[in-house]
Amino acid sequence: MKVSRKTFVKSAAILAGATLLNTQKTEAQITAALVSLENDFALPPLGYSYDALEPFIDRQTMEIHYSKHHQAYVNKLNEAKAKITSWNYKTLNDVLVNINSIPKDMQGAIRNNAGGHYNHSLFWSLLKTNTTPSENVLKAINENFESLDNFKLLFTKAAMGIFGSGWAWLIKQDGKLKIITTPNQDNPLMTEIAKDLGTPIIALDVWEHAYYLKYQNKRADYVTAFWSVLNWEKVEDLLANSR
Ligand code: MN
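Residues numbered from 1 in each chain as written. Predicted model: local features only at pLDDT ≥ 70, side-chain atom pairs only at ≥ 80, totals over all residues. Heavy atoms only, no water.

Explain the nonpolar core to me, and be specific about the residues and the numbers.
Counting residues in hydrophobic clusters, the biggest one holds 67 residues, and the most contacted among them are Ile110, Phe151, Phe155, Ile202, Leu204 and Trp232. It is helix α5 (residues 104–125) that contributes the most residues to this core, seven residues altogether. Here this core spans two domains, and each of domain 1 (5–40 + 58–125) and domain 2 (135–240) adds at least three residues to it. Excluding anything up to four places from it in sequence, Ile202 contacts Leu126, Phe151, Phe155, Ala168, Trp169, Leu170, Phe226, Leu230, Trp232 and Val235. (Core = buried A, V, L, I, M, F, W, Y, C linked by side-chain atoms within 4.5 Å. Buried < 20%, exposed > 50% of the residue type's maximum accessible area, 1.4 Å probe, protein only. Helix = DSSP H or I, 4+ residues; strand = E, 2+ residues; numbered from the N terminus. Domains from an automatic or database assignment. Contact = heavy atoms within 4.5 Å.)

Here's what the structure looks like:
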């Protein structure tokens, strides 16, 4: 399945926009955010406190996950980038879409760390308490999955079915919503790597580091808690800008 380059550029702009907190996201600001990626990659602002998602996602997990795990992906991405003399990617999306053009000896490091950077940046923006799905979101979910309850059931099943570390996704692919999973830090933007390409709408980190401190081996409880902190406003935003 191919997704047009325009779609990727659009989703890059959305992700970049997510880092412009509490500001009106003008085209100029989004462009500026994209251009800044030409230099070193950087941790985006979280936009809320580490304890904002309590009790569903605990303060300590958020702090370690953001300031240690995500920071490590950013650092390793910059280290790997510095070793590639032919680097000519302007945005994170450029890197993900063109992962096959990265020199073979550096491809693994870029794949893991560019993926890790993108996935976590998106994930943070998809977390917020006390939001509800809009009519537009409900309509799209009902059309594709019959009901919100059935969607949650199928998404949970997918998240529970991931062996080891990975991500569960809701993506838009050829105009339809689809639930997929990816191993490790792969994502649906990675041409010729991802089994399913599409525009990310929902992302859930199911690496143990995302939940082990609070939930230990009980991944199901973590996935249940996710529904209480899923930012449906962001879902609406991503859906409205997808096709
Ligand atoms: Mn993670």
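Moving on from the model shown.
Which residues make up the coordination of the manganese ion, and what are the values?
For the manganese ion, the full set of protein donor atoms is His65 (NE2), His120 (NE2), Asp205 (OD) and His209 (NE2), and the range of their distances to it is 1.9 to 2.1 Å. Of note, the manganese ion draws all its donor residues from one chain, in the sequence arrangement H-x54-H-x84-D-x3-H. With a gap of 55 residues between them, His65 in helix α3 (residues 59–82) and His120 in helix α5 connect regions that are remote in the sequence. Each member of the pair, His65 together with His120, is buried. (Donors = N, O, S within 2.8 Å, 3.2 Å for Na, K, Ca; no water.)

Which residues make up the pairing of strand β2 (residues 176–183), and what values go with them?
For a regular strand, side-chain orientation follows a simple rule: the groups alternate between the two sheet faces. As paired strands, strand β1 (residues 166–173) and β2 are joined by eight bridges and run antiparallel to one another. In the strand pairing of β2, Gly166 is matched with Pro183. Linking two consecutive strands that pair antiparallel, namely β1 and β2, is a turn of two residues; a positive phi of about 50° is found at Asp174 within it. (Pairing = 2+ DSSP bridges.)

Could you give an account of the sheet that holds strand β3 (residues 199–205), with specific residues and numbers?
With antiparallel pairing, three strands are arranged side by side in an open sheet as β2-β1-β3. Each edge of the open sheet carries a strand with a single partner, namely β2 and β3. Across the sheet, the mean angle separating the axes of adjacent strands is 20° when strand polarity is ignored. Helix α10 (residues 232–240) rests against β1, β2 and β3 of the sheet, and its axis sits at about 150° to β3. (Axes fitted to C-alpha atoms, helices over the stretch in contact; angles between N-to-C directions.)

An account of the pattern of salt bridges is requested, with residue identities and associated values reported.
Throughout the structure, instances matching the rule amount to seven salt bridges. Close ionic contact of Lys128 with Glu233 constitutes a salt bridge, the shortest N to O distance being 2.7 Å. Taken together, the residues span a long stretch of sequence, with Lys128 in the loop between α5 and α6 (135–145) and Glu233 in helix α10 at a distance of 105 residues. Residue classification places Lys128 among the partly exposed positions, given a relative accessible area of 36%. (Salt bridge = Lys/Arg side-chain N within 4 Å of Asp/Glu carboxyl O.)

Would you mind going over the packing of α6 against α10 in detail, with residue names and values included?
Here α6 crosses α10 at 70°, and the two axes come no closer than 9 Å. In terms of orientation, α6 and α10 fall into the roughly perpendicular class. Read as a crossing pair, α6 and α10 show a hand that is left-handed. Contact residues: Asn136, Val137, Ala140 and Ile141 in α6; Trp232, Val235, Glu236 and Leu239 in α10. Tallied by class, the residues present in the contact of α6 with α10 amount to six nonpolar, one polar and one charged. (Parallel < 35°, antiparallel > 145°, perpendicular 65-115°, else oblique. Left-handed = near helix turned anticlockwise from the far one by under 90°. Nonpolar A, V, L, I, M, F, W, Y, C, P; charged D, E, K, R; others polar.)

None of the figures reported here should be taken as evidence of function without further support.
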